[in-house]
Amino acid sequence: MFSYKTLKKGLFLFHPETAHNLAETALRLLPKCRLLNNYLVNRNFIMDPKLNQEIYGIKFPNPVGLAAGFDKNATMIKSMMALGFGFTEIGTMTPRPQDGNPKPRMFRYPKLNSVQNAMGFNNKGSSQVLMNLKKVYPFSIPIGANIGKNKTTSEEFALQDYKILIRKFESFSDYLVINISSPNTPNLRDLQNEKFITELFSMAKELTSKPIFLKIAPDMETNAAVELCKTAVEAGASGIIATNTTIDYSLVPNAQDFGGLSGACLKEKSYEMFKAIAKELYGKTVLISVGGISDADEAYKRLKAGASLIQAYTGMIFEGPSMVKNINEGVLELMKKEGFNNISEVIGSDLK
Ligand code: FMN
């Protein structure tokens, strides 16, 4: 019906953040155009029992989710099935509204299918996001709530910010994610230490029985990252999401010297970090892989390496609204070729 190649040419004439805002407007309005929405759901949302999973009692129709940062304010949830996603993650939200960093703060590297962003948790704040969420929750696909502290909250009071956010969102989401891995809030990544993680998850487990994940950065020394993940799981984390964007600017020639890189340039780094974590934690907790995934081969590789679920953001900018459908169809084909009858048999098969 329409080609994303053509649409992309138009969208890429705009600054990346403007293009994002245009996409948001379209996706906010899409559910009002019932016919088009239904057409896209039928086209892109793959319904195949072989892709179904139940994790912590939550039903995931397929393993491909929207990564955090695209739907920061929970305004596009209703359109996620039209894009084919099996689950979505809103946020990162902070307790109070926040403008984020000065613009420009998002950059494209089209030749490398990569993006750099220094958004800085721009969001409408927890109260507004909660209002948006309440209009749709519970939804046909699982919704994760990704939470972070305000920029102006000192490290000393960081725990308090997470407490407020867990209390607010735990009844209106299927799972929660603690984000202390964004490179765009000064000193946030310093919270990736064992003392804070232990305090945080001990507190979180008191506040909610919903699954609560830790999202980590790809830039820590591998052993330290694995140890941190183990600490989080021992303290009560339900799983690990690996990884956020990278500050390894050598991955892109002439990259900006601020913000985080995502997309194809992050693929190897994210995979290596995921593999190291899975080696230690596969079978002991739930692992979600994200970073540079945009096709079925890479998705399948992450599943086999131990990911129960995968997420993507940047790939969609370059591949368009058929990306998730293509991934799911491709994964089904690979499963058939290798004789797997259900996605759960694929997960971690490299480690068995
Ligand atoms: N991750 C978060 O946990 N919270 C965020 O608010 C967030 N904002 C992002 C904004 C942009 C523009 C991009 C490109 C990524 C953002 N991310 C955020 C990171 C993504 O969720 C994901 O971990 C990362 O981009 C790697 O996946 P990808 O290569 O598929 O994009």
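The structure displayed is predicted, hence computed values, not measured ones.

Here we take up the UniProt feature "binding site: substrate" (unreviewed entry) in the protein. Mapped onto the present numbering, the UniProt feature "binding site: substrate" (unreviewed entry) falls at K72, N117, A118, M119, G120, F121, N179, N184, N244 and T245. Position of M119 among the secondary structure elements: in the loop between β6 (114-117) and α4 (126-134). For M119, the contacting residues outside a window of four places in its chain are E17, K72, G100, N101, R105, M106 and N184. Relative to the helices and strands, N184 resides in the loop between β8 (175-179) and α6 (194-207). Every residue in contact with N184, bar those within four places of it in the chain, is listed here: N101, N117, A118, M119, G120, G259 and G260.

Okay, the packing of helix α7 (residues 222-234) against helix α8 (residues 267-281) next. Where α7 contacts α8, the two axes come as close as 10 Å, and the packing angle between them is 45°. In terms of orientation, α7 lies oblique with respect to α8. For α7 against α8, the interelement crossing comes out right-handed. Contacts from T222, A225, V226, C229, K230 and V233 of α7 reach α8 at M273, A276, I277, E280 and L281. In terms of residue class, the contact of α7 with α8 is made up of eight nonpolar, one polar and two charged.

Now for the side chain of N132. Looking at where N132 falls in the secondary structure, it is placed in helix α4. Every residue in contact with N132, bar those within four places of it in the chain, is listed here: N73, A74 and T75.

A word on the pairing of strand β5 (residues 106-109). A two-sided burial pattern is seen for β5, the buried positions comprising M106 and R108 on one face and F107 and Y109 on the other. In the sheet, β5 pairs with β6 via four bridges, with the strands oriented antiparallel. Across the sheet, the residue bridging to R108 is V115, located in β6. Taking the residues that link successive antiparallel strands as the turn, the β5-β6 hairpin has four residues, and the phi of N113 there is positive, at about 45°.

So, about the UniProt feature "domain: Dihydroorotate dehydrogenase catalytic" (unreviewed entry) in the protein. Per the UniProt record, "domain: Dihydroorotate dehydrogenase catalytic" (unreviewed entry) is found at residues 51-335. Between the C-alpha atoms that bound residues 51-335 there is a distance of 10 Å. The span itself is 32% helix and 20% strand.

What follows concerns the environment of N244. Along the polypeptide, N244 turns up in the loop between β10 (239-242) and β11 (260-263). Between the C-alpha atoms of N244 and S181, which are 63 residues apart in sequence, the distance is 6.3 Å. For N244, the side chain forms a polar contact with the side chain of N179, separated by 3.4 Å.

Calculation rules
- Every chain's residues receive numbers from 1 upward, in the order its sequence appears when written.
- For this predicted model, a pLDDT threshold of at least 70 governs which residues receive local features, and a threshold of 80 or more governs which side-chain atom pairs are given and counted, while totals over whole chains, interfaces and linings are taken from all residues.
- Side-chain measures were taken over the full set of non-hydrogen atoms in the model, leaving aside hydrogen atoms and water.
- UniProt positions are given in the numbering used here, feature names are shortened, and annotations may be inferred rather than shown by experiment.
- Helical segments are the DSSP runs of H or I of at least four residues, strand segments are the runs of E of at least two, and each set is numbered from the N terminus.
- By the convention used here, residues are in contact when the closest approach between their heavy atoms is within 4.5 Å.
- Inter-axis angles, ranging from 0 to 180 degrees, are taken between N-to-C directions of lines fitted to C-alpha atoms, where helices are fitted over the stretch in contact.
- Small angles under 35 degrees read as roughly parallel and large ones over 145 as roughly antiparallel, with 65 to 115 read as roughly perpendicular and the rest as oblique.
- Crossing handedness is read from the near helix: turned anticlockwise from the far helix by less than a right angle, it gives a left-handed crossing, and turned clockwise, a right-handed one.
- Following the grouping adopted for this structure description, the nonpolar residues are Ala, Val, Leu, Ile, Met, Phe, Trp, Tyr, Cys and Pro, the charged ones are Asp, Glu, Lys and Arg, and the polar ones are all others, Gly among them.
- Only protein chains enter the accessibility calculation, which uses a 1.4 Å probe. A residue is then buried if its area is under 20% of the maximum for its type, exposed if over 50%, and partly exposed in between.
- In this scheme, strands are said to pair when DSSP sees at least two bridges between them.
- Any pair of nitrogen or oxygen atoms within 3.5 Å is treated as a polar contact; in protein, a donor-acceptor pairing is required on top of that, and neighbouring residues in sequence qualify only through side-chain atoms on both sides.

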